[in-house]
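# Report on the structure
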Amino acid sequence: MSSKSNFKNVKGTRDILPLESIRWQRVENVVRKKMEQYNFQEIRFPTFEYTDLFRKSTGESTDIVRKEMFTFADMGGRSLALKPEGTPSVVRMFLQYGFFTKGILQKFYYIERMFRQERPQKGRYREFRQFGAEVIGSSSAETDVELVKSAFDIFNELDIKGVELNINSIGCPKCRKNFIKELKGFLKGKLVSLCEDCRRRYDENPMRILDCKEDKGKIKGAPVPSDFLCDDCRAHFEEFENRLDFFNIKFNIENRLVRGLDYYTKTVFEFVNANLGSQNEVGGGGRYDELIKFMGGEDTPASGYAVGIDRLMLLLPEKEEKLGVDVYLVTFDEESDLEGGKILASLRQEGFSCDKDPMKRSVKAQFREADRQNAKWVIIIGENERKRGIVQLKNMNKGEQKEIPMEADKIVKELKC
Ligand code: ATP
Ligand code: MG
């Protein structure tokens, strides 16, 4: 059915219609359940923040801040931005509400909408949803594995297959110094041939050149962070690998995988799925031991990840999703309609989904509606039933019909068996 209206949703946003919504609920329910099994606490944060938060924590030199953020001014002229990712808000809340207590771990999770001004295509939208988890206060590789495992638990529970884990270590500021020096030396002679972004990154953010898709072929043989790890970072990475092995989590070491900012440290990882084509990254994360200090807090290690739910939905196996109510009411006259409405109210209290026709339509139309709604049961009431103090209860799957006393608890008993 097409309409004459010219109104359409904005490019890059998504409308989620009722049947699709059932799939989304399935995913969100699993995320909540699993996150809570890991003792992650849910936090929710605003849709927009002061732009400076992202400038500082996501980083001036990142694509997100340079090109993708939706920003606007409030009436006082302060720049605000629709949140493009979760970690900055989580860190802000951690600092703002004084969550810091030495030696105490904070484990958060969120399910939030994110906004990025990118070219819309399959798996890439301007408004999308992520779930993520952040652990603040632990420097241990065990935490990194716990985060990875929580994501795989969610993929497995949803029966999502083929997600691969790529991992790397990008070291700490100490060992990175030598690496950056070597990398810049290697790239210097090649700069003219690199893309415009990478030429800019050379000064601002050279590590990021390693995972540029465009220049991949041109920087073969470039030094990688793992060649420069200090003893501490190397031991941390080994523990990360060993514990992944221990849980039978398969991984690929991708020595060009980086998160290109100074406050990212040690572990980085991404979840990819080949079936997603060019938008193959399902999620990513890593350790950011320097960020909280950089944002004005105490020196506090932290680690986290985010998964794009819209991309996950593309991998979610089809199940027979059906809209439907438990009980639909069919009545022959107004008095029965009133009585029936009372019964439905009681059944709703008992947890059943119920519906009825509010427009006094014919019995035939009411039955048609019961079918359209995939009702499991139909309660039929007419003058005759009222006089005898009963209802007809029809089991739509079996096609059987029974007479039950017109009392909510008796009907409930029947529905439950
Ligand atoms: P990509 O390389 O695809 O642009 P990214 O590195 O920008 O991804 P992150 O910032 O790590 O992605 O965000 C984590 C996850 O959020 C991604 O793996 C992806 O699943 C999802 N995501 C990111 N941008 C979008 C988008 N525009 N539309 C839908 N999902 C997105
Ligand atoms: Mg991106």
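Scroll up to find the structure.
Once a new chain begins, its residue numbering starts again from 1 and follows that chain's sequence as written. Chains and ligands are labelled by the order in which they are written, letters from A for the one and numbers from 1 for the other. Selection of residues for local features in this predicted model requires a pLDDT of at least 70, selection of side-chain atom pairs for listing and counting requires 80 or more, and totals for whole chains, interfaces and linings are taken over all residues. The side-chain values count all of the structure's non-hydrogen atoms but skip hydrogen atoms and water molecules.

Only runs of H or I of at least four residues qualify as helices and only runs of E of at least two qualify as strands under DSSP, and these elements are numbered from the N terminus. In terms of regular secondary structure, the protein chain is built from 14 helices and 16 strands. Here the globule rule reads 2.2 Å times residues to the power 0.38, and the radius of gyration is calculated from C-alpha atoms. Since a compact globule built from 417 residues should have a radius of gyration of about 22 Å, the 28 Å found for the protein chain marks it as more spread out than a globular shape. For the protein chain, the C-alpha atoms occupy an extent of roughly 95 × 50 × 45 Å along the three principal directions. With 417 residues in all, the protein chain has 49% of them scored as buried. Of the roughly 22100 Å² of accessible surface on the protein chain, 48% is carried by carbon and sulfur atoms. In the protein chain, 72 side chains carry a positive charge and 68 a negative one; their mean positions are 3 Å apart. Each residue is assigned to one of three classes by its accessible area relative to the maximum for its type, calculated with a 1.4 Å probe on protein chains only: buried under 20%, partly exposed between the two thresholds, exposed over 50%. Using a 1.4 Å probe, accessible areas were evaluated by the Shrake-Rupley method; residue-level cover was limited to the displayed protein chains. Neither His nor the chain ends contribute to the count of charged residues, in which Lys and Arg are positive and Asp and Glu negative. To locate a charge, the coordinates of NZ of Lys, CZ of Arg, CG of Asp or CD of Glu are taken.

Before going further, it helps to examine the pairing of strand β7 (residues 164-169). For β7, the buried fraction is high: five of the six residues fall into the buried class. The rule for pairing is simple: two strands pair if DSSP sees at least two bridges between them. For β7 and strand β9 (residues 265-272), the ladder comprises six bridges, and the chain directions are antiparallel. The residue bridging Asn166 from the neighbouring strand is Glu270, located in β9. Summarising the sheet, β7 and strand β8 (residues 252-253) pair through two bridges and their orientation is parallel. From the neighbouring strand, Asn166 faces β8, where its bridge partner is Asn252.

Moving on, we get to the sheet that holds strand β12 (residues 327-331). Pairing is mixed in the open sheet, where five strands are placed in the order β13-β12-β14-β15-β16. Of all the strands in the sheet, just β13 (354-356) and β16 (400-405) have a single pairing partner and so form its edges. The average undirected angle you get between the axes of adjacent strands in this sheet is 25 degrees. Pairing geometry for β12 and strand β14 (residues 377-381), over five bridges, is parallel. Residue pairing in the sheet places Leu329 in a bridge with Ile379 of β14. Its contacts with the sheet place helix α14 (residues 408-416) against β12, β14, β15 (390-395) and β16, and it is angled at close to 150 degrees to β16. With axes taken as lines fitted to C-alpha atoms, and helix axes fitted only over the stretch in contact, angles between N-to-C directions fall between 0 and 180 degrees. The contact criterion used is simple: two residues touch if any of their non-hydrogen atoms lie within 4.5 Å.

Two aromatic rings are characterised by how far apart their centres lie and by the angle between their planes. We call Phe, Tyr and Trp rings a pair once their centres come within 6.5 Å, taking the six-membered ring for Trp, and we label the pair stacked below 30 degrees between planes, edge-to-face above 60, and tilted otherwise. Counted under the stated rule, the structure contains 17 aromatic pairs. Taken together, a centroid distance of 5.3 Å and an interplanar angle of 65 degrees make the contact between Phe45 and Tyr110 edge-to-face. Here Phe45, found in the loop between β1 (41-42) and β2 (48-50), pairs with Tyr110, found in strand β5 (residues 106-115); they are 65 residues apart in sequence, far enough to count as distant. Note on accessibility: Phe45 and Tyr110 belong to one class, buried. With a centroid separation of 5.6 Å and 75 degrees between ring planes, the pair formed by Phe246 and Phe247 is classed as edge-to-face. Over the aromatic face of Phe186 sits the side chain of Lys190, whose NZ or CZ is 4.1 Å from the ring centroid. Geometrically, a lysine NZ or arginine CZ counts as sitting over a ring once it is within 6 Å of the ring centre and also within 35 degrees of the ring normal.

Another aspect to go through is the site of ligand 1. The immediate surroundings of ligand 1 are formed by 14 residues, with Arg116, Glu118, Tyr125, Glu281 and Val282 found nearest. The term polar contact refers here to a pair of N or O atoms within 3.5 Å; inside protein, the definition further demands a hydrogen-donor-capable atom paired with an acceptor-capable atom, and it admits residues adjacent in sequence only when both atoms are side-chain atoms. The side chain of Glu281 places a nitrogen or oxygen atom 2.9 Å from an oxygen atom of ligand 1. Between ligand 1 and Gly283 there is a distance of 3.1 Å, counted from an oxygen atom to a backbone nitrogen or oxygen. Protein chains shield 87% of the accessible area of ligand 1, which is 580 Å² for the free molecule. Residue assignment for the shell around ligand 1 shows that the elements contributing at least two residues are β6 (127-136), β10 (281-287) and β11 (302-308). With three residues, β10 is the single largest residue contributor to the shell around ligand 1. We define proximity as follows: a residue is near a molecule or strand when any one of its heavy atoms falls within 4 Å of that partner.

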